[in-house]
Amino acid sequence: MIFALRHPLRWIFVNLLALTMRRYHYYYETWRWQRIRAYCMDREDHRCRQCKRPMGNALDVHHKRWVARGGSWHTWNLESLCAADHAGKHPGNTTLAEHARQFAR
């Protein structure tokens, strides 16, 4: 929340972008998502929220509550995680598990 207070116009802009996001399978490729993702990584200072390791731009942005289950793309529903911690949040997802092996601890 402190980051949002330091950058109130950016917080408003990014969350307005989140209102325009829809359930598409290709939303990760949109410029809107890239702006939201960049905001979340800046907010976390490019560190994994769970293990606190600095990761640069190699972070995944995780929905705390899935969009398919009523979650949103707003910044309060997103957290930046390294690939290993993100795969841990989705234990049955083999694609994320393969991606996490590239960034093994």
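Look above for the structure.
The rules we used
- Numbers given for residues are sequential positions, taken from 1 along each chain in its written order.
- Local features in a predicted model are, by the rule used here, given only for residues with pLDDT of at least 70; side-chain atom pairs are given and counted only at 80 or more, and totals for whole chains, interfaces and linings are based on all residues.
- Side-chain metrics rest on all non-hydrogen atoms present in the structure, leaving aside hydrogens and water.
- Put plainly, a pocket is an open set of points on a 1 Å grid over the protein atoms alone with protein on both sides within 12 Å along at least five of seven lines, a cavity is a set where a 1.4 Å probe fits but cannot get out, and a lining residue has an atom within 4 Å of a point.
- Grid points are joined across faces, edges and corners, and a volume is the space filled by probe spheres set on the points.
- Secondary structure elements are taken from DSSP: a helix is a run of H or I of four residues or more, a strand is a run of E of two residues or more, and numbering for both begins at the N terminus.
- All amino acids are sorted into three groups, where Ala, Val, Leu, Ile, Met, Phe, Trp, Tyr, Cys and Pro are nonpolar, Asp, Glu, Lys and Arg are charged, and the leftover types, Gly among them, are polar.
- The set of buried Ala, Val, Leu, Ile, Met, Phe, Trp, Tyr and Cys residues whose side-chain atoms join them within 4.5 Å is what this entry labels a nonpolar core.
- The rule is simple: take the accessible area with a 1.4 Å probe, protein chains only, and divide by the maximum for that residue type; under 20% is buried, over 50% is exposed, in between is partly exposed.
- In what follows, a contact means two residues having at least one pair of non-hydrogen atoms within 4.5 Å.
- Cysteine sulfur pairs qualify as disulfides if the two atoms are within 2.5 Å.
- Here, expected helix span is obtained from the residue count minus one, scaled by 1.5 Å.
- Two N or O atoms form a polar contact when they lie within 3.5 Å of each other; inside protein one atom must be a possible hydrogen donor and the other a possible acceptor, and for residues adjacent in sequence the pair counts only when both atoms belong to side chains.

Asks: What should I look at first to understand the layout of surface pockets in this one?
Replies: The rolling of a water-molecule-sized probe over the atoms marks out the regions of remaining empty space. Looking at the largest pocket, its volume works out to about 250 Å³. What lines the largest pocket is a set of 12 residues, among which Tyr27, Tyr28, His63, Trp66 and His90 lie closest to the centre. Sorting elements by how many residues they give to the lining of the largest pocket places strand β1 (residues 60–63) first, with three residues. Partitioning the lining of the largest pocket into residue classes produces seven nonpolar, five polar and no charged.

Asks: Got a minute to help me understand the nonpolar core in this structure?
Replies: As a rule of thumb, nonpolar side chains are buried together in soluble globular proteins. Ranked by internal contacts, the top residues of the largest apolar core, which has 13 residues, are Met21, Trp33, Ile36, Trp73 and Leu78. When contributions to this core are tallied by element, the ones reaching two or more residues are α2 (8–20) and α3 (31–43). In terms of residues, this core owes the most to one element, α3, which gives four residues. Dropping the residues within four chain positions of it, Trp33 is found in contact with Met21, Tyr27, Tyr28, Val61, His63, Trp73 and Leu78. Met41, Cys48, Leu59 and Cys82 belong to the second largest nonpolar core, which has six residues in total.

Asks: How should the state of the cysteines be read in this particular structure?
Replies: Disulfide: a covalent bond connecting the sulfur atoms of a pair of cysteines. Overall, the coordinates contain zero disulfides when judged by the stated rule. The thiol of Cys51 is not disulfide-bonded; the next cysteine sulfur, from Cys48, is found 3.6 Å away.

Asks: What's the story with α3 in this structure? I'm lost.
Replies: At 3.6 residues per turn, the α-helix brings residues three or four places apart onto the same side. For α3, spanning 13 residues, the distance from its first C-alpha to its last is 18 Å, which sits close to the expected 18 Å at 1.5 Å a residue. Two residues or fewer past α3, Asp45 is found with a positive phi of approximately 60 degrees.

Asks: How do you make sense of the side chain of His74 when you look at a structure like this?
Replies: Within the secondary structure, His74 is located in the loop between β1 and β2 (78–81). When its relative accessible area of 13% is taken as the criterion, His74 is described as buried. A polar atom in the side chain of His74 sits 3.0 Å from the side chain of Ser72. Non-local contacts of His74, meaning those with residues more than four positions away in its chain, are made with Asn15, Ala18 and Leu19.

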